Amino acid sequence: MKKNYLLLLFVFCASVVSAQNWEPLFNGKNLSGWKKLNGKAEYKVVDGAIVGISKMGTPNTFLATKKTYGDFILEFDFKVDDGLNSGVQLRSESKKDYQKGRVHGYQFEIDPSKRAWSGGIYDEARRNWLYPLTQNPAAKSAFKNNEWNKARIEAIGNSIATWINGVPCANIWDDMTPAGFIALQVHAIANAADEGKTVSWKNIRICTTDVERYQTDRKAPEINVIPNTISPNEAKEGWTLLWDGKTSEGWRGAKLNSFPEKGWKMENGILKVMKSGGAESANGGDIVTTRQYKNFILKVDFKITEGANSGVKYFVNPDMNKGAGSAIGCEFQILDDDKHPDAKLGVKGNRTLGSLYDLIPAPADKPFNKKDFNTATIIVKGDRVEHWLNGVKLIEYTRQNQMWDALVAYSKYRDWPNFGNSESGNILLQDHGDEVWFKNIKIKEL
């Protein structure tokens, strides 16, 4: 009886698996169902694979499906020559009114370089990197150079997730483009030595029926790309918004009972501290959360203007400094290291971007994009604190000990009693008289 039960179970499971409806996107013989866009690189069929061949003097070239796809699971095998970058577009578009028909949209990255970001998600001709593998370094070893690799992409609703050889690579939550074509990219080349290099794809198949049923459970850590929102997965993990993207709810002036009437602006989902001459907290003043936090992970996206100075503070006691200047607390420094003089003050760079201001310096080789938004992350677990920038840990330290007290004693905070040792405190965004932009301010209480 037990054998019969196991046999029936095996037959049932096999029938469920075989029920997935796969449709081939490539017939293995010719390029029927595909069209070339933008560039002049060549595509041909060789031994049952589509082979793209790099060419000098042409922009990125794309071989796109004539059909468009919304929710789907896509699988394919790919192989690429060293020195040639490539990718697979999904939910992508080419419109006459957008950069004269330039292909744009989500891209599954193919990257054989030492950077090793294959499987990451790039937004071609639009927002650039959405999920570089700095966010998931463990996936960098999934791609095998000079071999066939198996890729899987699940695009279901606002969720887009990727795998290479069964290893989870990227996972985003975004709603910008719900449907579009799939395309195979041959990247433009700048070096004549790379002409004639190839990238190949085969076994390209797609499932568009009952896709939720076949979703993979094990995914890479998620990044929510939709500004000032909490995804269902973030909500499940305990994340909440500290700023709703529209109003001053949950915030007030550090030395006020209400939100400042000047010096701060909210527009298009961005919270801006306005330029006012570079003085510390002399215009609208710092703003703080209306409640205090103890153990948490805080994430803040920020973008600086040239020469700007600002900061994110925590363990803040707004009543500690009633005079001129900023409210007192530990600070994740936000600074234009190249243009602001504060970068050269302090000790060993402890006033540079990402540093624990005037106490512990961040490394000089930190990952920072001066022209775009960057993500500052502060993790507090009891007396243990970490500063992260764009997915890379910059510093870590422990409070409430002799080493901490000695560090404070040689800083500008030495005259503030028990500095940095508070069990909890407000979170602060600093007005230092320079224009700095903030968004996606989120917290997870631990």
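Just so you know, these numbers come straight off a predicted model, no measurement behind them. (Residues numbered from 1 in each chain as written. Predicted model: local features only at pLDDT ≥ 70, side-chain atom pairs only at ≥ 80, totals over all residues. Heavy atoms only, no water.)

(A) Examining the overall build of the protein chain more closely. When its secondary structure is counted, the protein chain shows three helices and 29 strands. Across its three principal directions, the C-alpha atoms of the protein chain cover 75 × 70 × 40 Å. Taking all 446 residues of the protein chain together, 51% fall into the buried category. Accessible surface, the protein chain: about 20,900 Å² in total, of which carbon and sulfur atoms supply 51%. Looking at charge distribution, the protein chain has the averaged site of its 60 positive side-chain charges lying 4 Å from that of its 53 negative ones. (Helix = DSSP H or I, 4+ residues; strand = E, 2+ residues; numbered from the N terminus. Buried < 20%, exposed > 50% of the residue type's maximum accessible area, 1.4 Å probe, protein only. Areas by Shrake-Rupley, 256 points an atom, 1.4 Å probe, with all protein chains shown as cover. Lys, Arg positive; Asp, Glu negative; His and termini not counted. Charge placed at Lys NZ, Arg CZ, Asp CG, Glu CD.)

(B) Structural view of the sheet that holds strand β2 (residues 34–37). If you trace the seven strands from one edge of the open sheet to the other, you get β2-β5-β14-β7-β8-β9-β10, paired in antiparallel fashion. A strand with exactly one partner marks an edge of an open sheet, and here the two such strands are β2 and β10 (128–131). Pairs of neighbouring strands in the sheet enclose a mean axial angle of 30 degrees, with direction left out of account. When strand β7 (residues 86–93) meets strand β14 (residues 181–186), the two strands line up antiparallel, connected through five bridges. Each residue of the ladder has a partner; that of S92, found in β14, is F181. (Pairing = 2+ DSSP bridges. Axes fitted to C-alpha atoms, helices over the stretch in contact; angles between N-to-C directions.)

(C) How the structure looks around empty space enclosed by the protein. Summed over the entire model, instances satisfying the criterion amount to one cavity of 30 Å³ or more. If you add up the space inside the largest cavity, you get close to 50 Å³. F315, N317, M320, I328, G329, P417, N418, F419, G420 and S422 together form the lining of the largest cavity. Among the elements of the structure, β23 (309–317) and β24 (328–335) are those that each provide at least two residues to the lining of the largest cavity. Of the residues assigned to the lining of the largest cavity, the class counts are five nonpolar, five polar and no charged. (1 Å grid on protein atoms, 1.4 Å probe; cavity = no way out; pocket = protein on both sides within 12 Å on 5 of 7 lines; lining within 4 Å. Points joined across faces, edges and corners; volume = space filled by probe spheres on them. Nonpolar A, V, L, I, M, F, W, Y, C, P; charged D, E, K, R; others polar.)

(D) Layout of the layout of surface pockets. Approximately 1,500 Å³ is the volume attributed to the largest pocket. Lining the largest pocket are 39 residues, and of these L130, Q135, I223, D301 and T375 sit closest to its centre. Mapped by element, the contributors of at least two residues to the lining of the largest pocket are β10, β16 (223–224), α2 (232–237), β22 (296–304), β25 (374–381) and β29 (436–445). Here the lining of the largest pocket spans two domains, and each of domain 1 (23–224) and domain 2 (232–445) adds at least three residues to it. (Domains from an automatic or database assignment.)

(E) Representation of the pairing of β7. β7 sits mainly inside the fold: seven of its eight residues count as buried. In this sheet, strand β8 (residues 104–110) lies alongside β7 in antiparallel orientation, the contact comprising six bridges. Directly across from V88, in β8, lies its bridge partner F108.

(F) Expanded view of the domain arrangement of the protein chain. Domain annotation for the protein chain reports domain 1 (23–224) and domain 2 (232–445). Its C-alpha centre places domain 1 at a distance of 38 Å from the equivalent point of domain 2. Counting from both sides, the interface comprises five residues of domain 1 and, opposite them, six residues of domain 2. Between domain 1 and domain 2 the total buried area reaches about 490 Å² when both faces are included, carbon and sulfur atoms providing 41% of it. Of all residues in domain 1, T134, E222 and N224 bury the most surface against domain 2, accounting for 67% of the area lost on that side. Between the two partners, domain 1 and domain 2, sit zero salt bridges. Inspection of the domain 1/domain 2 interface yields one residue pair in polar contact (both at pLDDT 80 or more). In the side of domain 1 that touches domain 2, the residues fall into one nonpolar, three polar and one charged. (Contact = heavy atoms within 4.5 Å. Buried area = accessible area lost by both parts, 1.4 Å probe. Salt bridge = Lys/Arg side-chain N within 4 Å of Asp/Glu carboxyl O. Polar contact = N/O pair within 3.5 Å; in protein donor to acceptor, adjacent residues only side chain to side chain.)

(G) Local environment of the sheet that holds β24. The five strands lie next to each other as β18-β21-β28-β23-β24, forming an open sheet whose pairing is antiparallel. The two strands at the open ends of the sheet, each matched to only one other strand, are β18 (251–253) and β24. Between one strand axis and the next, the sheet turns through 25 degrees on average, direction left out of account. Examined bridge by bridge, strand β21 (residues 287–289) and strand β28 (residues 426–429) share two bridges and lie antiparallel to one another. Paired with I287 across the strands is L429, a residue of β28.

(H) Here's a closer look at the environment of W173. For W173, the position within the fold is in strand β13 (residues 167–173). The residues contacting W173, other than those within four sequence positions of it, are N158, S159, E222, I223, N224, V225, I226, S231 and P232.

(I) The pattern of salt bridges, seen in detail. Counted by the stated rule, this structure contains 30 salt bridges. Measuring nitrogen to oxygen at the nearest pair gives 2.6 Å for the salt bridge that ties R127 to D123. For R384, the salt bridge goes to E396, with nearest N and O atoms at 2.6 Å. Within this pair, whereas R384 is found in strand β26 (residues 384–389), its partner E396 is found in strand β27 (residues 392–398), the two being separated by 12 residues in sequence. The network of salt bridges with shared partners includes E75, D77, K150, R152, E154 and R205.

(J) Summary view of unusual backbone geometry. In this structure, N128 is a non-glycine residue whose phi angle is positive, near 65 degrees. One can find N128 in strand β10. Here the phi dihedral of N165 falls at roughly 50 degrees; this positive angle occurs in a residue that is not glycine. Within the fold, N165 resides in the loop between β12 (159–164) and β13.

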